[in-house]
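A look at the structure
Residues per chain are reported as follows:
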Amino acid sequence: MTKPDPAPALASATGTDRMLLVETFVRIVEAGSLSAAALQLGATQPTVSRRLQLLERTLGVRLLQRSTHAIRLTDDGQRCYERAKALMATWQSFESDVRGAGEELAGTLRVVAPHAFGQNQFMEPLAKYLQQYPGMRVEWLLHDRVPDFVAENIDCAIKVGPVSDPSVVAVKLGEVPRSVMAAPSLLAGGPVPQHPAELARLPWLALRTFYRDEVCLRHTQTGEVARFDIQPRLSTDGLYALRKAAVLGLGVGIASAWALRDELASGQLVLLAPEWQAAPLPVHLVYAPSRLQPARLRRFIETMREYLPAELCESLKQAKAGADPKARTGQKAR
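Below is a short write-up of the structure. In this text, all values refer to a predicted model and were calculated from it rather than measured experimentally.

**Focus on the overall build of the protein**
- On a plain count of helices and strands, the protein comes out with twelve helices and 13 strands.
- Relative to its full complement of 334 residues, the protein shows a buried share of 46%.
- Carbon together with sulfur atoms contributes 52% to the accessible area of the protein, which is approximately 16,900 Å² in total.

As structure tokens, this is what we get:
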């Protein structure tokens, strides 16, 4: 039996901001809990719960199954979530068009970006933004932590790795594949290791932001997981320092695939256990929640999404294609 389309049913939520109900539902799903959604929306948990109940009564379906530790979308909830995201995107586009009609953006946008990505992968999208809006200036601040948006007067941040703060909104841009690599000199003329057991015996370098004393790899075909401890000769929080140390033959390291392209092509580095990879790192654009985003930030988010680096575009497509639609809770991506 065909389910009724949720959009007309929302008209029965008399006296309530219907878009607020839709936004609340989307925030709950993506934040992973009612309390985290309440933080993002600047509301209380009981208020968020009442909005969810009103939406469910209005649509006449159960959207979420809640337990002590998690929430999970029902089949109706999954269908509603996809439609709600599309509805929110249409509404945001409408707001942007109306507010931006005849508007020439001018002013300063303050963005925090990670050192490596900020100097390479995201420079092209940044250039597109400045070319499209010549009246804008951008302060492009390079460090790897998520800032205090209010205290530091930051508009948004680009974050590599998981986002754990439930009080911020995180737009998932893509994922960064990571590979195991080393200089040929480290192998002393021996064969290239093909299994993690062989890697565990080699000297290691650690990128402290993402791994310090343990390595976890997954086989790309079988899904088999291998873990082993390491005692790194060198630990650093700099991707470029890790890459240089690897080129100099100091040890084995794990790094973003894009950062190794030239060194792999020239033979300065080789991939080890090429059928095994570390988990890809998610990349998010993070900002403080607000129902009234300034136009400069809305347009920046739009530009970042439109001109994603090729690696992130492809990885995001693959992630969406392989996702289990019944397990998309507890994630912060929008």
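**Focus on the packing of helix 7 (residues 123-132) against helix 11 (residues 295-306)**
- Contact geometry for helix 7 and helix 11: axes closest at 9 Å, N-to-C directions at 135°. If you check the angle between helix 7 and helix 11, you find them oblique. Two packed elements cross with a definite hand, and for helix 7 against helix 11 that hand is right-handed. Seen from helix 7, the contacting residues are P125, L126, K128, Y129 and Q132; seen from helix 11, they are R296, R299, F300, T303 and M304.
- In the contact of helix 7 with helix 11, the residues fall into five nonpolar, two polar and three charged.

**Thoughts on the side chain of T74**
- Relative to the elements of secondary structure, T74 occurs in the loop between strand 2 (71-73) and helix 5 (75-100).
- A polar contact of 2.8 Å, which involves the side chain of T74, links it to the backbone nitrogen of G77.
- Aside from chain neighbours lying at most four places away, what touches T74 is R62, L63, L64 and Q65.

**Side note on a nonpolar patch on the surface**
- A contiguous nonpolar surface patch, about 250 Å² in accessible area, is contributed by L234, L248 and L250.
- Relative to the helices and strands, L250 is located in the loop between helix 9 (239-247) and strand 11 (253-256).

**Describing the packing of helix 2 (residues 18-31) against helix 3 (residues 34-41)**
- Running from N to C, helix 2 and helix 3 cross one another at 125°; their axes reach a closest spacing of 8 Å. It follows that helix 2 is oblique to helix 3 by the angle criterion. The crossing of helix 2 and helix 3 is right-handed. Counted together, E23, T24, R27, I28 and A31 of helix 2 and L34, A36, A37, Q40 and L41 of helix 3 form the full contact between these two elements.
- Residues that form the contact of helix 2 with helix 3 fall into these classes: six nonpolar, two polar and two charged.

Cut-off values and rules
- Residues numbered from 1 in each chain as written.
- Predicted model: local features only at pLDDT ≥ 70, side-chain atom pairs only at ≥ 80, totals over all residues.
- Heavy atoms only, no water.
- Helix = DSSP H or I, 4+ residues; strand = E, 2+ residues; numbered from the N terminus.
- Buried < 20%, exposed > 50% of the residue type's maximum accessible area, 1.4 Å probe, protein only.
- Areas by Shrake-Rupley, 256 points an atom, 1.4 Å probe, with all protein chains shown as cover.
- Axes fitted to C-alpha atoms, helices over the stretch in contact; angles between N-to-C directions.
- Parallel < 35°, antiparallel > 145°, perpendicular 65-115°, else oblique.
- Left-handed = near helix turned anticlockwise from the far one by under 90°.
- Contact = heavy atoms within 4.5 Å.
- Nonpolar A, V, L, I, M, F, W, Y, C, P; charged D, E, K, R; others polar.
- Polar contact = N/O pair within 3.5 Å; in protein donor to acceptor, adjacent residues only side chain to side chain.
- Patch = residues over 30% accessible without salt bridge, like charges linked within 9 Å, V, L, I, M, F, W, Y side chains within 5 Å.
- Salt bridge = Lys/Arg side-chain N within 4 Å of Asp/Glu carboxyl O.

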